[in-house]
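Chain by chain, the residues run as shown.
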Amino acid sequence: MKQTEYRSCNGLEFRAVDNEGEKIIEGHAAVFNRQTSVGGFFYEVIDSGAFDKADLRDVPLMVNHDFSKIPLARSRRNNGNSTLTLSVDEVGLAIRAKLDVESNADARALYSAVERGDLDGMSFAFIVDGEEWQDLGTDTPTRRIKSISKVFEVSACTFPQYEDTDITARSENALDSAKKTLDNARAKSLDKDKELEILKLKNRILGGL
């Protein structure tokens, strides 16, 4: 089973919009073609097209991944009737959420925090379907995410300021997940190297007969 991964980013444009009384927040949960550090374990780049086949049919908007609270918006089949819309543009995975600030105190607090600039980070939970590793023999290899199969959730996040190109796993579980991702990639690479050596040895033996 492929593991669910979490990434957080900030410094991107994350804004509150008043559209004739309708309270909306907009931003990007993921960006393309930026080399970013993941927990200090490896660099990561999300390729353009990584979301082309991603399942975005049922994605809730939370705050700090807190599932003890109700979603503040939700993508239902990602259509125009949903309170959360996800789309892919030239920057990355864009989100647009309509918030019920009149009836939901948490939605009102989120809108205020984004409007004031107190909260400017986003995070998303996802499963990688296709990847390519580079420089696995170095201390900080690079992982290129080619395809994402599913986005489970997007969150507005609060955390200390990082460089605007930095994406980092913020929780202990997410850091463990990042390390396991790297360990698994290195293990697979070693297995391939062993298979190649065995094949070369067989060819030398057969060639000497």
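Each remark here, short or long, concerns the structure printed above.
Residues numbered from 1 in each chain as written. Predicted model: local features only at pLDDT ≥ 70, side-chain atom pairs only at ≥ 80, totals over all residues. Heavy atoms only, no water.

**Considering the overall build of the protein chain**
Part 1: Across its full length, the protein chain holds two helices and 12 strands.
Part 2: Along the chain direction, N to C, the helices and strands of the protein chain fall in the order β-β-β-β-β-β-β-β-β-α-β-β-β-α.
Part 3: Out of the 209 residues in the protein chain, the part that is buried amounts to 42%.
Part 4: Considering only contacts within the protein chain whose residues lie at least 6 apart along the sequence, 67% involve residues at least 24 apart.
Part 5: Accessible surface for the protein chain amounts to roughly 11,700 Å². Of this, 48% is attributable to carbon and sulfur atoms. (Helix = DSSP H or I, 4+ residues; strand = E, 2+ residues; numbered from the N terminus. Buried < 20%, exposed > 50% of the residue type's maximum accessible area, 1.4 Å probe, protein only. Contact = heavy atoms within 4.5 Å. Areas by Shrake-Rupley, 256 points an atom, 1.4 Å probe, with all protein chains shown as cover.)

**A look at the sheet that holds strand β9 (residues 92-99)**
Part 1: Ordered in space as β2-β3-β9-β8, the four strands form an open sheet in which the pairing is antiparallel. Strand pairing shows two members of the sheet lacking a second neighbour, β2 (15-19) and β8 (84-88), which therefore form its edges. This sheet shows a mean twist of 25° between the axes of neighbouring strands, independent of strand direction.
Part 2: With five bridges joining them, β8 and β9 adopt antiparallel strand pairing. Its bridge partner being in β9, Leu84 is matched across the sheet by Ala97.
Part 3: Contacts from helix α1 (residues 105-116) reach β2, β3 (22-31) and β9 within the one sheet, and its direction differs from that of β2 by about 115°. (Pairing = 2+ DSSP bridges. Axes fitted to C-alpha atoms, helices over the stretch in contact; angles between N-to-C directions.)

**With respect to the packing of aromatic side chains**
What characterises a pair of aromatic rings is the spacing of the ring centres plus the angle enclosed by the ring planes.
Part 1: Scanning the entire structure with this criterion turns up four aromatic pairs.
Part 2: Measuring from ring centre to ring centre gives 5.1 Å for Phe42 and Trp133, while their planes differ by 70°; the resulting arrangement is edge-to-face. A residue pair is termed long-range when its members are at least 10 positions apart, and Phe42 in strand β5 (residues 42-46) and Trp133 in strand β10 (residues 121-134) qualify at 91 residues.
Part 3: Residue classification places Trp133 among the buried residues on the basis of a relative accessible area of 17%. (Phe/Tyr/Trp six-rings, centres within 6.5 Å; stacked < 30°, edge-to-face > 60°.)

**Some points on the nonpolar core**
Part 1: In this structure, Phe51, Leu61, Leu99 and Val154 are the most contacted members of the largest nonpolar core, which totals 36 residues.
Part 2: Those elements giving two or more residues to this core turn out to be β3, β6 (58-63), β8, β9, α1, β10 and β11 (142-157).
Part 3: Leave out the neighbours within four places in its chain, and Leu99 touches Lys23, Ile25, Leu61, Leu72, Ala107, Leu110 and Tyr111.
Part 4: Membership of the second largest hydrophobic core comes to seven residues, among which are Val38, Trp133, Leu136 and Ala178. (Core = buried A, V, L, I, M, F, W, Y, C linked by side-chain atoms within 4.5 Å.)

**Quick notes on the side chain of Glu153**
Part 1: Inspection of the secondary structure puts Glu153 in strand β11.
Part 2: Despite being buried, Glu153 has no salt bridge partner; Lys150 is the closest side chain of opposite charge, sitting 11 Å away.
Part 3: A polar contact is formed between the side chain of Glu153 and the side chain of His65, at a distance of 2.9 Å. (Lys, Arg positive; Asp, Glu negative; His and termini not counted. Salt bridge = Lys/Arg side-chain N within 4 Å of Asp/Glu carboxyl O. Polar contact = N/O pair within 3.5 Å; in protein donor to acceptor, adjacent residues only side chain to side chain.)

**Describing the pairing of β2**
Part 1: In terms of strand pairing, β2 meets β3 through five bridges, oriented antiparallel. Each bridged residue has a counterpart across the sheet, and for Val17 the counterpart in β3 is Ile24.
Part 2: Count of turn residues in the β2/β3 antiparallel hairpin: two residues, of which Glu20 carries a positive phi of about 55°.

**Things to note about unusual backbone geometry**
Part 1: The phi torsion at Asn33 lies on the positive side, around 55°, for a residue other than glycine.
Part 2: A positive phi angle is found at His65, which is not glycine, with a value near 55°.
Part 3: Looking at the secondary structure, you find His65 in the loop between β6 and β7 (73-76).

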